[in-house]
Each structure stands twice: as structure tokens, then as C-alpha cells.
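# Report on the structure
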Amino acid sequence: MDKVNYQLNKVELRRTLLKTRQSMSVGEWREKSDRLCSHLQNSTLFTQAKTILAYFSFRQEPDLSPLFANTKYRWGFPRCVNKSLCWHIWTPNDSIQSGAYGINEPHPDAPILDPAEVDLILVPSVACDYQGYRLGYGGGYYDRLLSLPQWQTKPTIGIVFDFAYLSQIPIELWDKPLQNICTETELTRKS
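Not measured: the values here are computed from a predicted model. (Residues numbered from 1 in each chain as written. Predicted model: local features only at pLDDT ≥ 70, side-chain atom pairs only at ≥ 80, totals over all residues. Heavy atoms only, no water.)

### Comments concerning the sheet that holds strand β7 (residues 127–129)
Strand order across the open sheet formed by three strands is β8-β7-β10, with mixed pairing between neighbours. The open sheet has two edge strands, β8 (134–135) and β10 (165–166), and neither has a second partner. (Pairing = 2+ DSSP bridges. Helix = DSSP H or I, 4+ residues; strand = E, 2+ residues; numbered from the N terminus.)

### Some words on helix α2 (residues 26–41)
Over its 16 residues, α2 runs 22 Å from end to end, which matches the ideal 22 Å to within 8%, given 1.5 Å per residue. Taken together, the buried positions of α2 are W29, K32, S33, L36, C37 and L40. The arc enclosing the buried residues of α2, seen along the axis, measures out at 145°, which places them on a common side. Summarising the contacts, the buried residues of α2 are in contact with α3 (44–47), α4 (65–68), β6 (120–124), β9 (156–159), β11 (180–182) and β12 (187–189). (Expected span 1.5 Å × (residues − 1). Buried < 20%, exposed > 50% of the residue type's maximum accessible area, 1.4 Å probe, protein only. Arc of directions from axis to C-beta. Contact = heavy atoms within 4.5 Å.)

### Examining the nonpolar core
Across soluble globular proteins, nonpolar side chains show a tendency to be buried alongside one another. The biggest cluster of nonpolar side chains holds 26 residues, and the ones touching the most others in it are L53, W87, I121 and W151. Apart from residues no more than four positions distant in its own chain, W151 is found in contact with L53, W87, P115, V118, I121, L145 and L146. Counting 21 residues, the second-largest nonpolar core is a separate cluster that includes Y55, F56, F68 and I159. (Core = buried A, V, L, I, M, F, W, Y, C linked by side-chain atoms within 4.5 Å.)

### A closer look at the pairing of strand β2 (residues 74–81)
With three bridges connecting them, strand β1 (residues 51–53) and β2 associate as parallel partners. The residue of β2 that forms the bridge with T51 is R74. Bridging between β2 and strand β3 (residues 84–90) involves seven bridges; their strand directions are antiparallel. Among the inter-strand pairings, R79 is bridged to a residue of β3, identified as C86. Connecting the antiparallel pair β2 and β3 is a turn made up of two residues, with N82 showing a positive phi of about 55°.

### A closer look at the environment of Q22
Of note, Q22 is situated in helix α1 (residues 3–22). Residue classification places Q22 among the partly exposed positions, given a relative accessible area of 42%. Between the C-alpha atoms of Q22 and K176, which are 154 residues apart in sequence, the distance is 27 Å. Apart from the residues lying within four places of it in its own chain, the contact partners of Q22 are R59 and Q60.

### Digging into the pattern of salt bridges
Working definition: two side chains of opposite charge can pair if their charged atoms are close together. In total, this model carries eight salt bridges according to the counting rule given. Linking E31 and R35 is a salt bridge whose minimum nitrogen-to-oxygen distance equals 2.7 Å. Of this pair, E31 and R35 both sit in helix α2, four residues apart, which is roughly one turn of that helix. The class of E31 is partly exposed, set by a relative accessible area of 39%. Accessibility expressed as a relative area gives 35% for R35, which makes it partly exposed. Ionic pairing is found between E117 and R74, a salt bridge with its closest N-O pair at 2.1 Å. With a gap of 43 residues between them, E117 in the loop between β5 (104–106) and β6 and R74 in strand β2 connect regions that are remote in the sequence. (Salt bridge = Lys/Arg side-chain N within 4 Å of Asp/Glu carboxyl O.)

Printed below as a string of C-alpha cells:
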């Protein structure tokens, strides 16, 4: 497949899946998100972690916020700084602000999280495939993050709704598969 066609497919696939996600009713979105959260809560990866990197739901991404109230865990959230993600510790009492792309972020003064302390990364995704590859939003933030030595060894769980868990997605040479994928139906281990 030639490069142009291939890129187009990626853009087209992203657009279609985002449209499908945003056409869900709030009730359906809430219900699927809650089921996804319960799969996470029942997984050993999750229960054994102490510090977890997560995200604030944007454009009907699976909503993980019911999990954030659990003070047994320390939660880290990203802020977009230039072309990379800076991770901050956040609790439900802390303020959030709208950052790059209109996505909620912790306040810049919130304590910075040291990668060495992180036990698990919950990765927002437009789609994931059965091999663990992820289709993101096109900014490359997570691709860059997960290729850095201090993050490479961290367990990852791609978070998607079932309709975006596909047998195959277009991938680039530098793409790294995620180790686990969680949908509202199941949590599966890839590697």
C-alpha cells in the first residue's frame, strides 16, 4: 500500500471512529465507561499498582473518573508542554484547567510525578488492535513518551470502547504495541 493512501486510511479511520464515539448517547457512554472501569478494578495490574497515570475524558473517551476517588492510589495526569507530556500528581480536591486542545489538565503548580514512581499507564486511544497497537489522535504525544527509556518498561493498558478494538490498524515502523487493552467487555493481555 502506498504511503499517501496509507496515511489517508489512518486519517479516515480516526475520523470515523471519533464520529462513532461522539454519536453515543450519554447513557450508553456512561454505562460502557462504568463497565470498563470495573474490568480495570478487577485486574491484578491495577490492584497491585500504587501510582497510576490516567487522563481526563475528552470527546466521549471512556470516562475513568469513578476510579479517581479511590485514595488508595496516587493519580498522575498529563499537561501538554511543547511537544511532550508533563505528569502531575492530582487528587479530586485539586483544581483543573483547560489546556492545549481544550483538554482538562492539572494546574502547572501541581507536584510533578517522577517516572520512577509510576506503576501503570492507562493510555487513551482512538483505536487499538488485537496485537496491541494503538491509533492515537495524531499528535504523537504518547508515542514519544512510551519510547523514552524511563517509560519503556512501564505496564500499559490501552483504553477503548469495544467498537474501536479492531483486528488490525495501520501502523508505522516506530509504533510500539501496548501490553494490555481494556474495553467494556474485557481486559486482554497482549505481551
